[in-house]
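# Understanding the architecture of this molecule
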Amino acid sequence: MAARLASVRGVRAVSLGGSRARGTHHPGSDWDLGVYYRGALDVPALAALAAEVTGSPVEVAGPGGWGPWVDGGAWLRVDGAAVDWILRDLDRVERVWEECRQGRYEVGTQPGHPLGFWSPAYAGEVALCRVLADPHGELTALRTAAGSYPEPLRAALTGAVWEADFSVAAARKVTRAGVRDPLFVSLCLSRAFGVLVQGLLAHHRVWCLHEKGSVAVAAALPDTPRDFADRVARALAAPAPEAVAEAAALVRETVAVLETVRDA
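So, here is what we can say about the structure in this document.

Here is what the cut-offs are and how they apply
Residues numbered from 1 in each chain as written. Predicted model: local features only at pLDDT ≥ 70, side-chain atom pairs only at ≥ 80, totals over all residues. Heavy atoms only, no water. Salt bridge = Lys/Arg side-chain N within 4 Å of Asp/Glu carboxyl O. Helix = DSSP H or I, 4+ residues; strand = E, 2+ residues; numbered from the N terminus. Buried < 20%, exposed > 50% of the residue type's maximum accessible area, 1.4 Å probe, protein only. Phe/Tyr/Trp six-rings, centres within 6.5 Å; stacked < 30°, edge-to-face > 60°. Expected span 1.5 Å × (residues − 1). Contact = heavy atoms within 4.5 Å. Polar contact = N/O pair within 3.5 Å; in protein donor to acceptor, adjacent residues only side chain to side chain. Pairing = 2+ DSSP bridges. Axes fitted to C-alpha atoms, helices over the stretch in contact; angles between N-to-C directions.

Turning to the pattern of salt bridges, a few remarks are in order. What the rule picks out here adds up to 15 salt bridges. Between glutamate 125 and arginine 88 there is a salt bridge, with the nearest N and O atoms lying 2.8 Å from each other. Taken together, the positions of glutamate 125 in helix 5 (residues 120-128) and arginine 88 in strand 4 (residues 81-89) put the pair 37 residues apart, joining distant regions of the chain. Residue class for glutamate 125 comes out partly exposed when judged on its relative accessible area of 22%. Overlapping salt bridges, with partners in common, bring together Arg12, Arg38, Asp91, Glu94 and Glu138 in one network.

This part covers the packing of aromatic side chains. Any two aromatic rings considered together are summarised by their centre-to-centre distance and by the angle between their planes. Counted by the stated rule, this structure contains 7 aromatic pairs. When the ring of tryptophan 66 is compared with that of tryptophan 75, the centres are 4.7 Å apart and the planes differ by 15 degrees; the resulting orientation is stacked. Residue tryptophan 66 is classed as partly exposed on the basis of its relative accessible area, which comes to 22%. Taking the relative accessible area as the measure of exposure, tryptophan 75 reaches 64% and is therefore exposed. Counting every residue linked through ring pairs, the aromatic cluster contains Trp69, Phe117 and Tyr122.

A word on helix 3 (residues 43-54). Under the 1.5 Å per step criterion, the end-to-end length of helix 3 is 16 Å for 12 residues, consistent within 8% with the ideal 16 Å. Where the residues of helix 3 are buried, they touch helix 1 (2-6), strand 3 (73-78) and strand 4. The distance from a side-chain oxygen at the start of helix 3 to the backbone nitrogen of alanine 45 is 3.1 Å, and the residue carrying that oxygen is aspartate 42. Count one or two residues on from helix 3 and you reach glycine 55, which has phi positive near 85 degrees.

Bringing the sheet that holds strand 2 (residues 31-37) into the picture now. Here we have 5 strands laid out as an open sheet, ordered 3-4-2-1-7, and mixed in their pairing. Across the chains shown, the open sheet's two edge strands, defined by having one partner strand only, are strand 3 and strand 7 (130-133). Sheet twist, expressed as the average angle between the axes of neighbouring strands with direction ignored, equals 30 degrees. Looking at chain direction, strand 2 and strand 4 are connected through 7 bridges and run parallel. Bridge assignment links tyrosine 37 to a residue of strand 4, and that residue is aspartate 89. Along the sheet, helix 3 makes contact with strand 3 and strand 4, crossing strand 3 at roughly 15 degrees.

So, to be careful, I would describe these as geometric facts and stop short of saying anything about function.
As structure tokens, this is what we get:
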């Protein structure tokens, strides 16, 4: 399938991503294929190939069809297995990688990413993938480069944890005013925890690809505040005053860990 995808006009390379690339999959895990393209992509040819391998018509979302960051693609069932094609603009991925090397990143709105799409995920996907088809060697070269986590990006993400304290302060202000606004408070605390996770993973030079499962990954890293995952879960389930207090404590403890990045 990867070889046939690579023959479609505009496609430059195909990779295997997700749990199957990392060896953490289970029998029912999806097969995630990153379809890296440049310029005009022959979406009708992709749809024809999808229909052929599945035996029925398949809707293929072209670039931008799934949002500004998750370009598009298709969800297939092939011989009973779930196979996802995920489009990636290789020009854009390369630009994001250069920005990561310089310590710059973006966080954009994207369906399926409730805390936003953090642009370094593009580089992380490449770094952790298995290249399946790459006739021009472009994705392989980028994967080799992304194998080393950029120190400027590490400094930028660990330095950005100030936002977690700001979010907790905003939640505390509403709570102390006696205003019942559970949506605002929960969003503030969720954002704070997401920022802490990004900082902790960057501190250990671990790529973060998605919010899903990221708290557990951070909790398993050395030096992470004690019972991190359980405390996040308790805070998000607790009444507002207790939740804000727990979040504030986690911010303080995490910042203390990340302050060591200056000397690491």
